[in-house]
Amino acid sequence: MNPLAHRIPLVLPPVEFGTGALASLAAFARERGARRPMVVADAFNAQRVDLLGLPGDVILFGEVVPEPDVPNLEKALALAREARPDLIVGFGGGSAMDVAKLVAVLTLGAQTVHEVVGPDKVLGPRLPLVQVPTTAGTGSEVGMRALVSDPVTRNKLAVQSRLMLADLAIVDPALTMSVPASPTAAAGIDAMTHCVEALTNRKAHPAIDLYALEGIRLVGQHLPAAVRDGSDAQARAGLALAALYGGICLGPVNTTAGHAVAYPLGTRHHIAHGLSCAVIFPHTLAFNAPVVPERTQAVLRAMGLGDDLREAAIVDRASQWCAQQGVEMRMSRLGIPEHDLDTMADEAFNIRRLLDNNPREISRDQIRAIYQAAF
């Protein structure tokens, strides 16, 4: 098969990137005639909304939680329907930006979040949307997907729609300076896993490989420096660019078993998404290596981890690299009970939308073995 003949939906919003890019938000809002902008943020970023310089009467929903669930989304929607904003601004990490996407497309219509789960089910109308990331991790600012957890099923609800693409994405690395070392490390590894899983994906495409490889290289080069010194402007900019590249990878290619196996850590045990992905990353990278050896070797070289493709060596070196960034790599030390590993394996095995992208078939028992190895 000619990989260049494979069709991919590469659709991106306008992007303002670089230190000082945040200044473009106020101009955009004024050009759109916004008088009642609504900011969707987590509790920390809710305290610095003034940085956005928005005109008019700003409405603030500052209660987005890590791993947001349906009740958290419904609370934001209730405020939006009451306040009637004319612009939505996602301000924070992936959680805030995902909630902002759903607020933008659900506020004016009659659909519920459960009715739009899956691809292309959002009918609209929509509110204008600007995304302003404050972490270098998810790349959600350029994506058309949003995820929230269902507290009843403990599963992720994934919504995909071009209507959720931002009208403008503003990536200003200066906004990430305040992120402490530990979440910086987890977010950076999350960005890298987006790139790694796109590169080693059944749907991998040369147009996306370019972003994926460079994103991995950027994280490998800049994450250690940003963890050592959060005020390192060059490192912060490198990570912000890596996260952006990872977000570009997600649109046409998406993730694989790494994210599917990581999800139950968050939905069942409230482990932050980036940390969940970091814990699982070495194991799925090694698991897939036998069927994508050249691409796995490219990942290892981009991270500076050598050429040894033995599965045990990959797990050891990738785990050590993550641990050197200060990431706890043992599920048992994160408070996950061993008796829940079977249920987690059952849930992960049912996330077919991601597992079907994996280059190597993975069974429920193999997922359970990964959990045990990471425990």
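What you see is a predicted model; the values in this text were computed from it and never measured.

Novice: Where do I start with the pairing of strand 9 (residues 168-171) in this structure?
Specialist: Two faces belong to every sheet, and in a regular strand the side chains alternate between them. Neither face of strand 9 is open: one carries Leu 168 and Ile 170, the other Ala 169 and Val 171, and all of them are buried. As defined by bridge partners, strand 1 (residues 15-17) adjoins strand 9 across 3 bridges and the pair is classed as parallel. Bridge pairing in strand 9 links Glu 16 to Ile 170. Strand direction decides the pairing type here: strand 6 (residues 129-133) and strand 9, joined by 2 bridges, are parallel. Of the residues in strand 9, the one forming a bridge with Val 130 is Leu 168.

Novice: Can you help me understand helix 7 (residues 233-250) in this one?
Specialist: For helix 7, which comprises 18 residues, the first-to-last C-alpha distance of 26 Å matches the rise-based estimate of 26 Å (1.5 Å per residue) to within 8%. Burial analysis of helix 7 places 14 of its 18 residues in the buried class, which makes it a mostly covered element. The N-terminus of helix 7 is capped by Asp 232, whose side-chain oxygen sits 3.2 Å from the backbone nitrogen of Gln 234.

Novice: Would you mind showing me how to read the side chain of Thr 184 here?
Specialist: For Thr 184, the location among the structural elements is in helix 5 (residues 181-199). Apart from residues lying up to four places away in sequence, Thr 184 is in contact with Val 179, Leu 223, Ala 226, Val 227, Arg 236 and Leu 239.

Novice: Help me out: how do you make sense of the pattern of salt bridges in this one?
Specialist: One side chain can pair with another of opposite charge once the charged atoms of both are near each other. Evaluated as defined, the whole model comprises 18 salt bridges. Residues Arg 295 and Asp 209 are paired through a salt bridge, measuring 3.0 Å at the closest nitrogen-oxygen approach. With Arg 295 in helix 10 (residues 293-303) and Asp 209 in helix 6 (residues 206-228), this pair connects stretches of sequence that are 86 residues apart. For Arg 295, a relative accessible area of 30% translates into the label partly exposed. Classification of Asp 209 by relative accessible area gives buried; the value is 12%. Its salt-bridge partner being Asp 307, residue Arg 301 comes within 2.6 Å of it at the nearest N-O pair. Overall, the relative accessible area of 51% leaves Arg 301 in the exposed class. Given a relative accessible area of 41%, Asp 307 falls into the partly exposed group. Overlapping salt bridges, with partners in common, bring together Asp 342, Asp 346, Arg 364, Asp 365 and Arg 368 in one network.

Novice: Honestly, the pairing of strand 8 (residues 155-160) in this entry has me stumped. Any pointers?
Specialist: Of the strand pairs in this sheet, strand 5 (residues 118-119) and strand 8 are connected by 2 bridges, and their pairing is parallel. Paired with Pro 119 across the strands is Gln 160, a residue of strand 8. With 6 bridges joining them, strand 7 (residues 145-150) and strand 8 adopt antiparallel strand pairing. Bridge pairing links Ala 146 to Val 159 in strand 8. Linking strand 7 to strand 8, which pair antiparallel, is a turn of 4 residues; within it Arg 154 sits at a positive phi near 60 degrees.

Novice: What is the right way to look at the side chain of Arg 145 in this model?
Specialist: In this fold, Arg 145 is placed in strand 7. Although Arg 145 is buried, it makes no salt bridge; Asp 120 carries the closest opposite charge, 9.2 Å away. Polar contacts involving the side chain of Arg 145 include one to the side chain of Gln 160, which spans 3.1 Å. For Arg 145, the residues in contact, after removing those within four places along its chain, are Asp 98, Lys 101, Ser 140, Val 159, Gln 160, Met 164, Leu 250, Gly 251 and Asn 254.

Novice: How do you make sense of unusual backbone geometry when you look at a structure like this?
Specialist: Excluding glycine, a negative phi dihedral is what most residues carry, and trans is how most peptide bonds are arranged. Cis rather than trans, the peptide bond between Gly 124 and Pro 125 has omega equal to 5 degrees. Structurally, Pro 125 can be placed in the loop between strand 5 and strand 6.

Novice: When you look at the environment of Leu 265 in this model, what are you seeing that I'm missing?
Specialist: Within the secondary structure layout, Leu 265 lies in helix 8 (residues 257-269). Along the chain, Leu 265 and Ile 189 lie 76 residues apart, while their C-alpha atoms are 16 Å from each other. Here Leu 265 is in contact with His 270, Ile 271, Ser 276, Met 331, Ile 336, Met 344 and Tyr 371, once residues within four sequence places are set aside.

Novice: I would appreciate a short explanation of the packing of helix 9 (residues 273-288) against helix 14 (residues 364-374) in the present structure.
Specialist: Any two packed helices are characterised by the angle at which their axes cross and by the distance between the axes. For the pair helix 9 and helix 14, the least separation of the axes is 10 Å and the interaxial angle reads 130 degrees. Comparing the axis directions of helix 9 and helix 14 gives the class oblique. Considering only the axes of helix 9 and helix 14, their crossing is right-handed. On helix 14, the residues touching Val 279, Ile 280, His 283, Thr 284 and Phe 287 of helix 9 are Gln 366, Ile 370, Tyr 371, Ala 373 and Ala 374. Classifying every residue of the contact of helix 9 with helix 14 gives 7 nonpolar, 3 polar and no charged.

Procedures and definitions
- Residues numbered from 1 in each chain as written.
- Predicted model: local features only at pLDDT ≥ 70, side-chain atom pairs only at ≥ 80, totals over all residues.
- Heavy atoms only, no water.
- Buried < 20%, exposed > 50% of the residue type's maximum accessible area, 1.4 Å probe, protein only.
- Helix = DSSP H or I, 4+ residues; strand = E, 2+ residues; numbered from the N terminus.
- Pairing = 2+ DSSP bridges.
- Expected span 1.5 Å × (residues − 1).
- Polar contact = N/O pair within 3.5 Å; in protein donor to acceptor, adjacent residues only side chain to side chain.
- Contact = heavy atoms within 4.5 Å.
- Salt bridge = Lys/Arg side-chain N within 4 Å of Asp/Glu carboxyl O.
- Lys, Arg positive; Asp, Glu negative; His and termini not counted.
- Axes fitted to C-alpha atoms, helices over the stretch in contact; angles between N-to-C directions.
- Parallel < 35°, antiparallel > 145°, perpendicular 65-115°, else oblique.
- Left-handed = near helix turned anticlockwise from the far one by under 90°.
- Nonpolar A, V, L, I, M, F, W, Y, C, P; charged D, E, K, R; others polar.

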